[in-house]
Amino acid sequence: MKFQSTRSASEPLGFREAFASGLAPDGGLYVPESLPQMPDTLLNGDPQSYSTLAFKFLKFFDTDHTPDELKALVNRSYTGNFDDSATAPLRQLTDDLFVLELFHGPTLAFKDFGLQLVGNLFEDQIRRSGNPINVLGATSGDTGSAAIHGLANKEGVNVFILYPKGRISPLQERQMTCTEAANIFPIPIEGSFDDAQLIVKDLFSDLKFKAEVGLSAINSINLARVLAQAIYYFHAWSQLPTAARENNPAFVVPTGNFGNILAGWLAGKMGLPADRFVIATNRNNILYRLFTTGVYESGEVHASLAPSMDIQVASNFERFLFYHLNGDGNQVSKFMQKIGGDSKLTIPDFDADVFSASYSSDEDIIALIRQTHKKFDYIVDPHTACAFKDLDRSRSNIVLSTAHPAKFPDTIENAIGVHPTHPSLEKLKSRTPVTYQQTAHANSIRDFILANRA
Ligand SMILES: *Cc1c(COP(=O)(O)O)cnc(C)c1O
């Protein structure tokens with residue numbers, strides 16, 4: 001399988017190369033040249049382990065590793081490092097309402113699914129090539145810690161993670177800064193997540209620097225993350241009771257950068273029978289507005305109770321646009337350039353397709369945590385709470401739970417008077433945080449990486 005750029009001006013690459021380069025040289029994102037139809041065993045097979053299902057899915061895309069190599073990579077990523085034997089268990093709240101718990105990995109958030117695999121792919125690549133890698137990413141909280149936990153103490157790789165100072169939860173910050181690993185460089189900057197993301201984009205477009213330090217991406221644009229995230233949609237389906245399957249299931253997804261839900265939508269194009277994907281946003285509702293009006297209008301970013309969704313530029317939207325424009329890379333390229341310049345754009349012939357959308361204010365989030373606890377005796381984190389807004393109860397719903405509530409104890413306590421904890425978070429409290437604060441400018445970050453590269 002080859003992977004092409006959404007802007008069509010770069011050479012298609014095999015899995016390993018496309019994975020390693022993150023962003024394509026023409027500025028686009030990599031997508032598979034074709035979308036294979038998954039065999040029924042992914043939907044209906046005997047209960048199979050998560051790793052087995054993941055291997056069956058990924059072998060269509062990663063044709064660079066041998067099946068045995070791929071199997072080993074997948075096993076290292078999903079067996080033994082999640083604290084539930086199902087890896088992504090499906091909890092049933094009612095006959096028609098399910099929660100897919102994606103928070104059983106090392107950092108208690110769904111990003112572990114992408115980044116455990118990414119960490120092992122990097123390690124494999126460094127061993128093969130003998131060349132060190134420097135990983136650069138921006139985070140609004142969970143990406144950074146998941147990347148760090150995928151790569152901490154691995155040989156030949158240093159990790160530089162930018163994050164908006166004071167705008168991520170204290171526990172998220174501890175997960176990044178208390179690893180005690182010498183190859184990890186958490187970098188707080190003054191500004192928003194989008195400011196951090198722009199610096200990262202800037203440095204990746206500096207091709208000379210990129211080549212010189214072997215720069216690699218971990219943010220949600222990485223192809224391997226999107227593929228890894230498609231797997232649990234199939235896994236959820238394979239656990240769903242027949243009656244619920246027959247009642248037009250919708251996947252309801254707390255959404256920020258459009259990475260998680262895009263993976264589900266792609267799974268739909270590869271044979272997952274779901275015909276509804278609900279974009280659940282917080283008050284930063286650019287995607288809600290886009291999918292209800294067809295107008296892309298970015299605004300200011302506001303801090304919310306669901307900080308990992310505090311963004312106004314949905315990077316992975318470019319992949320959706322590519323398919324919406326029938327794979328016309330020129331048009332994608334023109335459109336993305338306009339997004340860079342204009343703040344308001346109407347998407348030509350926009351069709352929301354199988355998507356619908358909702359958004360939650362901070363008050364909604366508190367109320368939804370409270371209601372979910374009262375009705376179902378189940379505690380959701382503030383991101384997952386957004387998915388419970390405006391549920392369409394005429395069909396069955398599978399809510400993707402993106403984080404463990406113990407990552408946001410203050411909000412939970414405020415809502416229901418309970419202070420949730422988790423042993424892996426308690427352990428961090430006795431460690432000393434290590435950070436490397438820098439000026440929020442590409443030049444100073446470039447210099448810092450040059451001075452501290454692997
Ligand atoms: C990253 C994150 C999201 C948003 O996911 P996207 O792929 O950016 O849409 C939602 N919830 C939590 C807890 C997250 O960490």
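Structure first, text after, so check above.
Residues numbered from 1 in each chain as written. Predicted model: local features only at pLDDT ≥ 70, side-chain atom pairs only at ≥ 80, totals over all residues. Heavy atoms only, no water.

Asker: Can you explain the environment of R283? Please cite residues and give values.
Answerer: Tracing the backbone through its elements, the reader meets R283 in the loop between β11 (276-281) and α13 (286-293). With a relative accessible area of 36%, R283 lands in the partly exposed category. Counting along the chain gives 103 residues from R283 to C386, while the straight-line C-alpha distance between them is 9.8 Å. Setting aside its immediate chain neighbours within four residues, R283 contacts H302, A303, S304, Y359, S360 and D362. At 3.1 Å, the side chain of R283 and the backbone oxygen of A303 are in polar contact. (Helix = DSSP H or I, 4+ residues; strand = E, 2+ residues; numbered from the N terminus. Buried < 20%, exposed > 50% of the residue type's maximum accessible area, 1.4 Å probe, protein only. Contact = heavy atoms within 4.5 Å. Polar contact = N/O pair within 3.5 Å; in protein donor to acceptor, adjacent residues only side chain to side chain.)

Asker: Summarise the sheet that holds strand β14 (residues 355-359); cite the residues concerned and give the values.
Answerer: The sheet built from six strands is open, its strands ordered β4-β5-β15-β10-β11-β14 with mixed pairing. The open sheet has two edge strands, β4 (90-94) and β14, and neither has a second partner. With direction set aside, neighbouring strand axes in the sheet form an average angle of 25°. The sheet contact formed by strand β5 (residues 97-101) and strand β15 (residues 397-401) spans five bridges and is parallel. Each bridged residue has a counterpart across the sheet, and for V99 the counterpart in β15 is V399. In this fold α13 packs onto β11 and β14, with an angle of close to 135° to the strand it touches most, β14. (Pairing = 2+ DSSP bridges. Axes fitted to C-alpha atoms, helices over the stretch in contact; angles between N-to-C directions.)

Asker: How would you sum up the environment of F209? Please name residues and give values.
Answerer: Mapped onto the elements, F209 comes out in helix α9 (residues 207-213). F209 gets classed as buried once you look at its relative accessible area, which sits at 3%. Excluding its chain neighbours within four sequence positions, the residues that come into contact with F209 are L203, L215, R446, I449 and L450.

Asker: Give a description of helix α12 (residues 259-269) that names residues and reports values.
Answerer: For α12, the buried fraction is high: nine of the 11 residues fall into the buried class. Packing partners of the buried residues in α12 comprise α10 (223-239), β10 (250-254), β11, α14 (317-324), β14 and β15. Two residues or fewer past α12, G271 is found with a positive phi of approximately 115°.

Asker: Could you give me a rundown of the sheet that holds strand β6 (residues 133-138), with the residues and numbers involved?
Answerer: Pairing is parallel across the open sheet formed by four strands, whose spatial order is β8-β7-β6-β9. If you trace the sheet from one side to the other, it starts and ends with β8 (184-189) and β9 (215-217), each paired once. For this sheet, the mean inter-axis angle between neighbouring strands, taken without regard to orientation, is 25°. Pairing geometry for β6 and β9, over three bridges, is parallel. Each residue of the ladder has a partner; that of V135, found in β9, is S216. The strands that helix α6 (residues 142-151) touches are β6, β7 (157-164) and β8; relative to β7, the one it contacts most, it runs at about 170°. Where helix α20 (residues 442-452) meets the sheet, its contacts fall on β6, β7 and β8, and the angle it forms with β7 comes to roughly 155°.

Asker: Explain the packing of helix α4 (residues 67-78) against helix α5 (residues 111-129) residue by residue, including any values.
Answerer: Where α4 contacts α5, the two axes come as close as 8 Å, and the packing angle between them is 135°. As far as their axial angle goes, α5 and α4 are oblique. The two elements α4 and α5 meet at a crossing, and its hand is right-handed. Of the residues in α5, those in contact with E69, L73, R76, S77 and Y78 of α4 are F113, Q116, L117, N120, L121, E123, D124 and R128. (Parallel < 35°, antiparallel > 145°, perpendicular 65-115°, else oblique. Left-handed = near helix turned anticlockwise from the far one by under 90°.)

Asker: Residues and numbers for empty space enclosed by the protein, please.
Answerer: In the structure shown here, the tally under the stated rule is seven cavities of 30 Å³ or more. Its volume calculated, the largest cavity comes out at about 300 Å³. For the largest cavity, the lining is made up of 27 residues, of which F110, K111, G256, N257 and S308 are closest to its centre. Of all the secondary-structure elements, those providing two or more residues to the lining of the largest cavity are α6, α8 (193-204), α10 and α12. Among the residues forming the lining of the largest cavity, the class breakdown is 10 nonpolar, 14 polar and three charged. (1 Å grid on protein atoms, 1.4 Å probe; cavity = no way out; pocket = protein on both sides within 12 Å on 5 of 7 lines; lining within 4 Å. Points joined across faces, edges and corners; volume = space filled by probe spheres on them. Nonpolar A, V, L, I, M, F, W, Y, C, P; charged D, E, K, R; others polar.)

Asker: Provide a residue-level description of the nonpolar core, including the pertinent values.
Answerer: Across soluble globular proteins, nonpolar side chains have a tendency to be buried as a group. The biggest cluster of nonpolar side chains holds 103 residues, and the ones touching the most others in it are F57, F251, F258 and F291. Filtering out sequence-adjacent residues up to four positions away, F251 remains in contact with Y233, A236, W237, L272, A274, R276, F277, V278, I398 and L400. By size, the runner-up hydrophobic cluster in this structure holds 26 residues, among which are L97, F103, V399 and A415. (Core = buried A, V, L, I, M, F, W, Y, C linked by side-chain atoms within 4.5 Å.)

Asker: How would you explain the packing of α6 against helix α7 (residues 170-177) if you had to name every residue and give the values?
Answerer: The geometry of α6 relative to α7 is characterised by a closest axis approach of 8 Å and an angle of 25° between their N-to-C directions. When the interaxial angle is binned, α6 and α7 end up roughly parallel. Crossing geometry of α6 relative to α7 is assigned as left-handed. Counting all contacts with α6, which are made through D142, G144, S145, I148 and H149, the residues of α7 involved are Q172, Q175 and M176. Each residue belonging to the contact of α6 with α7 can be placed in one class, and the counts come to two nonpolar, five polar and one charged.

Asker: Give a detailed account of the layout of surface pockets, specifying residues and quantitative values.
Answerer: Within this model, the second largest pocket holds a volume of roughly 410 Å³. Taken together, 21 residues form the lining of the second largest pocket, with A20, Q125, I133, G214 and S216 sitting closest to its centre. Of all the secondary structure elements, the ones that give two or more residues to the lining of the second largest pocket are α1 (15-21), α5, β6, α9 and β9. Its residues placed into classes, the lining of the second largest pocket shows eight nonpolar, seven polar and six charged.

Asker: Give me the pairing of β4: which residues, what numbers.
Answerer: Of the pairings in the sheet, the one linking β4 to β5 comprises four bridges and is antiparallel in character. Of the residues in β5, the one forming a bridge with T94 is L97. Linking β4 back to β5 in an antiparallel pair, the connection comprises two residues.

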